[in-house]
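# Coordinate analysis (summary)
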Amino acid sequence: MPKMDYPNPKTIIEPFRVRSVEPIAMITPDKREQALREAFYNPFLLHADQVLIDLLTDSGTGALSARQWAAMISSDESYAGARSFFKLESAVKDIFGFKHFIPTHQGRAAERLLCQVALKPGDVIPNNSHFDTTRANIEFVGAQARDLVIAEGKQPELVHPFKGNMDIQALRNTIREVGPERIPFIMITITNNSGGGQPVSVSNIRAVSEVAREYGIPFIIDACRFAENSYFIHTREQGYEHKTPLEIAREIFSYADGCTMSAKKDGMANIGGFLALNHDTWAEKAKNMLILTEGFPTYGGMAGYDMEAVAVGLYEALDVNYLRYRIRSIAYLAEKLNAGGVSTVQPPGGHAVFIDARAMLPHIPDARYPGWALSNALYLAGGIRSVEIGSVMFGRKPDGTEQPAPMDLVRLAFPRRVYMQSHVDYLAEVILSVHQQRDAVPGYQIVWQPPFLRHFSARFEPC
Ligand code: F0G
């Protein structure tokens, strides 16, 4: 009998099967029109059960595994010295390796603690690109946040394997210009969310670390999507193809002096975060601040079961089969859209596809918010919720004048382990249909807006 050739299927399957299901709100087109009108044409004001596929964010929206639930049910909810704290502490030390571990309720709480203990007015913090909350926490204490991503990272169409890399020359120039004494730490964000979810290479992280050590400046990593970043290194950086994402993560953090983390991303949890540091004095001060606003140092704003979910989730996020499926499902959507003529930031990032709305809707002037217009059109056409990253979010200057943002993008961020391939096929079908009828998409005007962070609550009308 001939021996069968076992196939090597190209289809990358979801590496899990479903054990508990949540119905999707199959909201009809007429109901969507009404819902969006009642939400003042602002998708942030929709109720989640008016949304068919929710890609507003990948933060805290993922599915927990059976192993996470099992750990959660046996959590220790003691106020002080809970077993669940020590379990999370040992996971964090194992993966990230820093001396001090300080739990917080989410990423921005870790940022706030770090900024309050380390910064003073007039200081400068370099980063590849600061995420909004990091920038806001730095500016809140009177310091300045500077973005030093490489030039390739600012060109949406350009393909480069590590568009999140920091410009090392610009970093050196910044240190020379302001002086190392005014730079309490240097940051790098992996992956670079504000730049399209783009990864940073190990060689770039090592180079930043060398500059930091040369000047005696601590180096802190914003680690939110560290597992996705490690997978990109595994697939794109020479010398790392045989290393596991866990080994790569350990190497990355060995070059740093600490990290801030939102466990709502690669912690695979619905809430949680931490600050991890080697610096004894900062850690001591941060723990004192923690007690003031977050909680006792052995829970810091998380329930025992949250700490259990994160302790298991950090390892699940590093599973190579999970990462292959995750990164592939995002690339799969981008490829389908590109094949139908829709331009997206290239290459697709680790957690989201970013559509270039200005390119798709050239008939809508910047002042009529093409990104916002596309986001609303996707909701009306298929119940898809996305987020505009463009002139509504960034276009109003502190003096109240309007200036279009450099790009009008629509971000489709994927919750972890939530949607399957047929959902992605549906997304592609709806988006391509909107693209084909793009002349019928109206622009928008703002009819009411709050003084700050207007995108969350502003009211709009089509025009
Ligand atoms: N840093 C990065 C790179 C982030 O993407 C986020 C959150 C944070 C820090 C703050 O963490 O939300 O736990 O306080 N990003 C979410 C998003 C909100 O939709 O991109 P948090």
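Predicted model, so just to flag it, every value in this text is computed and none were measured.

## Looking at the sheet that holds strand 5 (residues 186–189)
Strand order across the open sheet formed by 5 strands is 2-8-7-6-5, with mixed pairing between neighbours. Because the sheet does not close on itself, it has two edges, and the strands there are strand 2 (100–104) and strand 5. Neighbour to neighbour, the strand axes of the sheet diverge by 15° on average, direction disregarded. For strand 2 and strand 8 (residues 273–277), the ladder comprises 5 bridges, and the chain directions are antiparallel. If you follow Phe101 over to strand 8, its bridge partner there is Ala276.

## Brief notes about the sheet that holds strand 12 (residues 409–413)
Ordered by their spatial adjacency, 3 strands build an open sheet running 9-12-11, and the pairing between neighbours is antiparallel. Edge strands, defined here as strands with exactly one partner in the open sheet, are strand 9 (352–356) and strand 11 (387–389). The average undirected angle you get between the axes of adjacent strands in this sheet is 30°. Where strand 11 and strand 12 come together, 3 bridges link them in antiparallel fashion. Directly across from Glu388, in strand 12, lies its bridge partner Val410. Contacts from helix 12 (residues 320–339) reach strand 9 and strand 12, with the element oriented near 20° to strand 9.

## Side note on the pattern of salt bridges
The tally for this structure, following the rule as stated, stands at 25 salt bridges. Note that Lys99 and Asp280 form a salt bridge whose closest N and O atoms lie 2.8 Å from each other. Of this pair, Lys99 sits in the loop between helix 3 (83–95) and strand 2 while Asp280 sits in helix 10 (residues 280–293), and the two are 181 residues apart along the sequence. For Lys99, a relative accessible area of 46% translates into the label partly exposed. Each of the salt bridges in this network shares a partner with another, and the network as a whole consists of Asp58, Arg225, Glu228, Asp266, Arg326 and Arg416.

## A short note on the domain arrangement of the chain
Here the chain is partitioned into domain 1 (29–58 + 320–462) and domain 2 (66–316). Domain 1 and domain 2 are separated by 27 Å when their C-alpha centres are compared. Tallying the contact residues gives 22 residues for domain 1 and 25 residues for domain 2. Summed over both sides, the interface of domain 1 with domain 2 buries roughly 2000 Å², with 57% coming from carbon and sulfur. Taken together, domain 1 and domain 2 are joined by 5 salt bridges. Across the pair Arg225 and Asp58 runs a salt bridge whose closest N-O atoms are separated by 2.9 Å. For the pair domain 1 and domain 2, the number of links is 13 residue pairs in polar contact (both at pLDDT 80 or more).

## Brief notes about the nonpolar core
Counting 64 residues, the largest nonpolar core has Phe96, Ile186, Ile221, Phe226, Phe253 and Leu314 as its most contacted members. Among the elements that take part in this core, helix 11 (residues 304–317) stands out by supplying 6 residues, more than any other. Each of domain 1 (29–58 + 320–462) and domain 2 (66–316) gives at least three residues to this core. In this structure Ile186 touches Pro126, Met166, Leu171, Ile175, Val208, Ala212, Ile217, Pro218, Phe219 and Ile220, once residues within four positions along its chain are discounted. If you look at the next biggest cluster of nonpolar residues, it comprises 47 residues, including Leu46, Ala357, Leu361 and Val410.

## With respect to the site of the ligand
Not every one of the 17 residues close to the ligand is listed here, only the nearest: Thr57, Arg108, Asp222, Ser262 and Lys265. In this structure, Asn193 approaches the ligand through a side-chain N or O atom, which is 2.8 Å from an oxygen atom. One of the side-chain N or O atoms of Arg411 is found 2.8 Å from an oxygen atom in the ligand. Surface burial for the ligand is 93%, taken as the share of its 470 Å² of free accessible area covered by protein chains. Grouping the amino acids of the shell around the ligand by side-chain chemistry returns 2 nonpolar, 8 polar and 7 charged.

## Structural notes on the environment of Phe131
Looking at the secondary structure, you find Phe131 in the loop between strand 3 (124–127) and helix 5 (132–140). Along the backbone, Phe131 and Thr189 are 58 residues apart, and their C-alpha atoms lie at a distance of 8.0 Å. In this view, Phe131 contacts Asn193 and Ser194; residues no more than four positions away in its chain are not counted.

## Focus on the packing of aromatic side chains
Taken as a whole and judged by the stated rule, the model has 16 aromatic pairs. Measuring from ring centre to ring centre gives 5.6 Å for Phe101 and Phe274, while their planes differ by 65°; the resulting arrangement is edge-to-face. Pair noted here: Phe101 is in strand 2 and Phe274 is in strand 8, with a separation of 173 residues, a long-range link. Side by side, Phe101 and Phe274 carry an identical accessibility label, which is buried. Three or more aromatic residues link up through ring pairs in this structure, and these residues are Phe85, Phe86, Phe96, Phe98, Phe101, Phe226, Phe253 and Phe274. One residue, Arg459, lies across the ring of Phe40, its end atom 3.9 Å from the ring centre. Directly above the ring of Trp448 sits Arg459, whose terminal nitrogen or CZ lies 5.6 Å from the centroid.

## With respect to the pairing of strand 7 (residues 258–262)
In terms of residue burial, strand 7 counts as a mostly covered element, since 5 of its 5 residues are buried. Of the two faces of strand 7, both are covered, the one formed by Gly258, Thr260 and Ser262 as well as the one formed by Cys259 and Met261. Bridge analysis of strand 6 (residues 219–222) against strand 7 gives 3 bridges, and the strand direction is parallel. Considered in strand 7, the bridge of Asp222 is made with Thr260. As paired strands, strand 7 and strand 8 are joined by 5 bridges and run antiparallel to one another. Among the inter-strand pairings, Gly258 is bridged to a residue of strand 8, identified as Leu277.

Basis of the calculations
- Residues numbered from 1 in each chain as written.
- Predicted model: local features only at pLDDT ≥ 70, side-chain atom pairs only at ≥ 80, totals over all residues.
- Heavy atoms only, no water.
- Pairing = 2+ DSSP bridges.
- Helix = DSSP H or I, 4+ residues; strand = E, 2+ residues; numbered from the N terminus.
- Axes fitted to C-alpha atoms, helices over the stretch in contact; angles between N-to-C directions.
- Contact = heavy atoms within 4.5 Å.
- Salt bridge = Lys/Arg side-chain N within 4 Å of Asp/Glu carboxyl O.
- Buried < 20%, exposed > 50% of the residue type's maximum accessible area, 1.4 Å probe, protein only.
- Domains from an automatic or database assignment.
- Buried area = accessible area lost by both parts, 1.4 Å probe.
- Polar contact = N/O pair within 3.5 Å; in protein donor to acceptor, adjacent residues only side chain to side chain.
- Core = buried A, V, L, I, M, F, W, Y, C linked by side-chain atoms within 4.5 Å.
- Near = heavy atom within 4 Å.
- Areas by Shrake-Rupley, 256 points an atom, 1.4 Å probe, with all protein chains shown as cover.
- Nonpolar A, V, L, I, M, F, W, Y, C, P; charged D, E, K, R; others polar.
- Phe/Tyr/Trp six-rings, centres within 6.5 Å; stacked < 30°, edge-to-face > 60°.
- Lys NZ or Arg CZ within 6 Å of the ring centre and 35° of its normal.

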